[in-house]
Amino acid sequence: MTPTEIIATLRSGNAAYIDAKTNPGDVSAARRAELANGQHPIAAVITCSDSRVVPEHIFSVGLGELFVIRTAGNVVSDFESGSAEYAAGHLGVSVIVVMGHTHCGAVGVAREGHGHGGGKGVPRGLNAIISEITRAISGAGSAAEAVRANVNNSVNRLLENPEILELLDAEKLEIYRAVYDIDSGAVEFF
């Protein structure tokens, strides 16, 4: 599939998800057995760890179709970048989607100004995430602007990875930005 076809598949899956009561994705024993021999996901999705943000459901896919990388606030550090590099370089994924979401707690905490130098009541590990987001959203006015700025920052962090840059330059990889709306279920690519 081309990157354009992959994004069209994800958009179509999201449209189905908005009105769905269950996920139509294949999770059968036969599919599990097939995947025991290796995986060939169509896309990698970097998103938040939030329990309301489940890419396999949001895009109406089954086992083995997405390589999902999750961290609070969809922050990209060396670990997430390395995971994306693995998906693209080893598994042959040609699309990476970095997807933020509305009502993000980590972005909300950063907007409240708790992210510099061990903000009061913020544990050290979480503070590293909040500090990264605080830097990313500096100058963003609304919550929606902050979520987008955070997604943009995560994409910029991916672009610091030489292997990812090499795949982009060779036109073997495309990176897309998206925001998932928790209220409506819709994903907006931007």
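Just so you know, these numbers come straight off a predicted model, no measurement behind them.

A. Spatial organisation of the sheet that holds strand β1 (residues 43-47). Sheet architecture is open: 5 strands sit in the order β2-β1-β3-β4-β5, paired in mixed fashion. Sheet topology places β2 (66-70) and β5 (187-189) at the edges, where each strand pairs with a single neighbour. In this sheet, adjacent strand axes meet at a mean angle of 25° when their direction is disregarded. Pairing analysis gives 4 bridges linking β1 to strand β3 (residues 95-101), with the strands arranged parallel. Bridge pairing in β3 places Thr47 opposite Met99. Where helix α4 (residues 78-89) meets the sheet, its contacts fall on β1, β2 and β3, and the angle it forms with β2 comes to roughly 175°.

B. The state of the cysteines, seen in detail. Per the counting criterion, the structure on display carries 0 disulfides. In this structure Cys48 is a free cysteine whose sulfur lies 4.3 Å from that of Cys104, the closest cysteine sulfur available. You can call Cys48 buried: its relative accessible area is 6%.

C. Summary view of the packing of aromatic side chains. Evaluated as defined, the whole model comprises 2 aromatic pairs. Each ring, one from Tyr17 and one from Tyr180, has its centre 6.3 Å from the other, and the planes form 50°; the classification is tilted. Note that Tyr17 is positioned in helix α1 (residues 3-19) and Tyr180 in strand β4 (residues 174-180), a separation of 163 residues in sequence. Between the aromatic rings of Phe67 and Tyr86, the centroid separation amounts to 5.9 Å while the plane-to-plane angle is 45°, which identifies the pairing as tilted. Taken together, the residues span a long stretch of sequence, with Phe67 in strand β2 and Tyr86 in helix α4 at a distance of 19 residues. Above the face of the Phe190 ring, Arg148 is positioned so that its terminal group lies 4.2 Å from the ring centre.

D. Quick look at the packing of α4 against helix α8 (residues 162-169). Following both chains from N to C, one finds α4 and α8 inclined at 40°, their axes separated by 9 Å at the closest point. Where α4 crosses over α8, the two elements pack in a sense that is left-handed. The residues of α8 that touch α4, namely those facing Ser81, Ala84, Glu85, Ala88 and Gly89, are Glu163, Ile164 and Leu167. Among the residues forming the contact of α4 with α8, the class breakdown is 4 nonpolar, 2 polar and 2 charged.

E. Just the packing of helix α6 (residues 124-136) against helix α7 (residues 143-158), in detail. Packing of α6 against α7 leaves a shortest axis separation of 8 Å and a crossing angle of 105°. Between α6 and α7, the crossing angle belongs to the class labelled roughly perpendicular. Residues Glu132, Ile133 and Ala136 of α6 form the contact with α7, whose own contacting residues are Ala149, Asn150, Asn153 and Arg157. Of the residues belonging to the contact of α6 with α7, the class tally is 3 nonpolar, 2 polar and 2 charged.

F. Focus on the nonpolar core. Core analysis: the biggest nonpolar cluster contains 20 residues, and Leu10, Phe59, Leu66, Val97, Met99, Val187 and Phe189 have the highest contact counts within it. Elements represented by at least two residues in this core include exactly α1, β1, β3, β4 and β5. Aside from chain neighbours lying at most four places away, what touches Phe59 is Leu10, Gly13, Asn14, Val45, Leu66, Met99, Val187 and Phe189. In this structure, Phe67, Leu91, Val93 and Val151 belong to the second largest nonpolar core, which totals 19 residues.

G. Region of the structure containing α7. Compared with an ideal rise of 1.5 Å per residue, which puts 16 residues at 22 Å, α7 spans 23 Å between its outermost C-alpha atoms and is within 8% of the ideal. Buried residues of α7: Ala146, Val147, Ala149, Asn150, Val151, Asn153, Ser154, Val155 and Leu158, and no others.

H. View of the pattern of salt bridges. Considering all chains together, one arrives at 6 salt bridges under this definition. Put simply, Asp50 and Arg52 hold a salt bridge, and the shortest N to O gap is 2.6 Å. According to the relative accessible area criterion, Arg52 is partly exposed, its value standing at 42%. For Glu132, the salt bridge is made with Arg157, and the minimal N-O distance between the two is 3.0 Å. Here Glu132 is found in helix α6, whereas its partner Arg157 is found in helix α7, with 25 residues between them in sequence. Because the salt bridges share partners, they merge into one network encompassing Glu132, Arg135, Arg157 and Glu160.

Rules used in this analysis
- Residues numbered from 1 in each chain as written.
- Predicted model: local features only at pLDDT ≥ 70, side-chain atom pairs only at ≥ 80, totals over all residues.
- Heavy atoms only, no water.
- Pairing = 2+ DSSP bridges.
- Helix = DSSP H or I, 4+ residues; strand = E, 2+ residues; numbered from the N terminus.
- Axes fitted to C-alpha atoms, helices over the stretch in contact; angles between N-to-C directions.
- Contact = heavy atoms within 4.5 Å.
- Disulfide = S-S within 2.5 Å.
- Buried < 20%, exposed > 50% of the residue type's maximum accessible area, 1.4 Å probe, protein only.
- Phe/Tyr/Trp six-rings, centres within 6.5 Å; stacked < 30°, edge-to-face > 60°.
- Lys NZ or Arg CZ within 6 Å of the ring centre and 35° of its normal.
- Left-handed = near helix turned anticlockwise from the far one by under 90°.
- Nonpolar A, V, L, I, M, F, W, Y, C, P; charged D, E, K, R; others polar.
- Parallel < 35°, antiparallel > 145°, perpendicular 65-115°, else oblique.
- Core = buried A, V, L, I, M, F, W, Y, C linked by side-chain atoms within 4.5 Å.
- Expected span 1.5 Å × (residues − 1).
- Salt bridge = Lys/Arg side-chain N within 4 Å of Asp/Glu carboxyl O.

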